[in-house]
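Residues per chain are reported as follows:
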Amino acid sequence: MTNVLAESFKVYGQDNGGPFVLVSDHAGQAIPPELDGLGLSAQERARHIGWDIGIDGVGRRLANTLPAVLIEQVYSRLVIDCNRAPGHPTSIVTQSDGTPVPRNQNLSAEDVAWREQTILHPYHQRIRQELDARVTQGRQVVVVALHSFTPVMRGVKRPWHVGLLHNHDPRLAHIMIDLLRAEGLVVGDNEPYALTDTSDYTIPIHGEQRALPHIEIEIRQDLIAHPDGQAEWAERLARLLPRAWQIFCTRYEQRS
Ligand SMILES: [Zn+2]
């Protein structure tokens, strides 16, 4: 297998001196040509199992509107899940939501290491570099992880428009939950997933372990499948994230 692969991340938006660093682990759909589409049909790859539908449009608009830097993973979560620690049982899934992934069966240690070294590590290294530069300058940093979730999972409909996930430091998530509920939205509090030390990777390593304020947002995919919805959610987050940060700073006596 060749070691040359297109860069695993793309950077959008610009740094306007604000605190937010946006990251999208599951925005990408690309599959390295060597992996032959992972043996899946284009239709299967386009399902929610392949990527977080709509979050690319939300994230890029949000990056332009705030403005802020957005670091986006280019490759499909089915190649390697960038929100899982290397070696995690669901880092490289052999099946997802009922669909077996042929080219993920019986991988050699070498195959796994190649995906980690060419896709997972460079992406997280780029995030680390962005955060390190700002921390070194003594700036405030807020890590914002953007995701989307499927409206139906294993036959169960999910009622939330949006969910905020939190674990060791729920402060900013709780503020954002209140602001979103004030917009009349049904907001999941650690729904449809809870953030944990093992089921997530990005917020644990870049937010919690560094004691940087953070927020993990999950938007329901049917609301952002089209450009209108993406624009609506980008506008909403561009309005509410700075407000949430201001409340946080006032409440916890941090400079903004
Ligand atoms: Zn996701």
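Our subject is the structure that appears above.
Analysis parameters
Residues numbered from 1 in each chain as written. Predicted model: local features only at pLDDT ≥ 70, side-chain atom pairs only at ≥ 80, totals over all residues. Heavy atoms only, no water. Core = buried A, V, L, I, M, F, W, Y, C linked by side-chain atoms within 4.5 Å. Buried < 20%, exposed > 50% of the residue type's maximum accessible area, 1.4 Å probe, protein only. Helix = DSSP H or I, 4+ residues; strand = E, 2+ residues; numbered from the N terminus. Polar contact = N/O pair within 3.5 Å; in protein donor to acceptor, adjacent residues only side chain to side chain. Donors = N, O, S within 2.8 Å, 3.2 Å for Na, K, Ca; no water. Pairing = 2+ DSSP bridges. Axes fitted to C-alpha atoms, helices over the stretch in contact; angles between N-to-C directions. Contact = heavy atoms within 4.5 Å. Salt bridge = Lys/Arg side-chain N within 4 Å of Asp/Glu carboxyl O.

Regarding the nonpolar core
Then comes step 1: One finds Leu22, Leu164 and Ile217 to be the most contacted residues of the largest nonpolar core, which totals 38 residues.
Then comes step 2: For this core, the secondary-structure elements that each account for two or more residues are β2 (20–24), α2 (55–65), β6 (142–149), β9 (162–165), α4 (171–181), β11 (214–220) and α6 (227–251).
Then comes step 3: Residue contributions to this core peak at 10 residues, all from α6.
Then comes step 4: Val93, Leu120, Tyr123 and Leu165 belong to the second largest nonpolar core, which has 32 residues in total.

Examining the environment of glutamine 105
Then comes step 1: Structurally, glutamine 105 can be placed in the loop between β5 (99–100) and α3 (109–136).
Then comes step 2: Given the relative accessible area of 33%, glutamine 105 is considered partly exposed.
Then comes step 3: With 67 residues separating them along the chain, glutamine 105 and leucine 38 place their C-alpha atoms 9.9 Å apart.
Then comes step 4: Among the polar contacts made by the side chain of glutamine 105, one reaches the main-chain carbonyl oxygen of valine 101 at a distance of 2.9 Å.

Digging into the coordination of the zinc ion
Then comes step 1: Surrounding the zinc ion are the protein donor atoms His26 (ND1), Asp52 (OD) and His147 (ND1), at 2.0 to 2.1 Å.
Then comes step 2: Counting residues between consecutive donors of the zinc ion along the chain gives the motif H-x25-D-x94-H. You can see aspartate 52 sitting in the loop between α1 (42–45) and α2 and its partner histidine 147 sitting in strand β6, a full 95 residues away along the chain.
Then comes step 3: With a relative accessible area of 1%, aspartate 52 lands in the buried category.

Notes on the sheet that holds β9
Then comes step 1: The strand order across the open sheet formed by 7 strands is β1-β3-β2-β6-β11-β9-β10, and the pairing between neighbours is mixed. Of all strands in the sheet, those bounded by a partner on one side alone are β1 (9–13) and β10 (187–189). In this sheet, neighbouring strand axes are inclined to one another by 25° on average, regardless of whether the strands run parallel or antiparallel.
Then comes step 2: Direction of pairing for β2 relative to β6: parallel, over a ladder of 4 bridges. Within β6, the residue paired with phenylalanine 20 across the bridge is valine 142.
Then comes step 3: Running at roughly 155° to β10, α4 makes contact with β6, β9, β10 and β11 of the sheet.

Digging into the pattern of salt bridges
Then comes step 1: Summed over the entire model, instances satisfying the criterion amount to 18 salt bridges.
Then comes step 2: A salt bridge links glutamate 183 to arginine 236, with the nearest nitrogen and oxygen atoms 3.0 Å apart. Within this pair, whereas glutamate 183 is found in the loop between α4 and β10, its partner arginine 236 is found in helix α6, the two being separated by 53 residues in sequence.
Then comes step 3: For glutamate 183, a relative accessible area of 29% translates into the label partly exposed.
Then comes step 4: A salt bridge links arginine 236 to glutamate 232, with the shortest nitrogen-to-oxygen separation between them at 3.3 Å. Of this pair, arginine 236 and glutamate 232 both sit in helix α6, separated by 4 residues, roughly a single helical turn.
Then comes step 5: By relative accessible area, which is 10% here, arginine 236 ends up buried.
Then comes step 6: For glutamate 232, a relative accessible area of 40% corresponds to the partly exposed category.

A closer look at the environment of glutamate 191
Then comes step 1: Considering the arrangement of structural elements, one finds glutamate 191 in the loop between β10 and α5 (202–208).
Then comes step 2: Spatially, the C-alpha atom of glutamate 191 lies 23 Å from that of phenylalanine 20, the residues being 171 residues apart in sequence.
Then comes step 3: Ignoring sequence-local partners within four residues, the contact set of glutamate 191 consists of Trp160, Gly163, Leu164 and Leu165.

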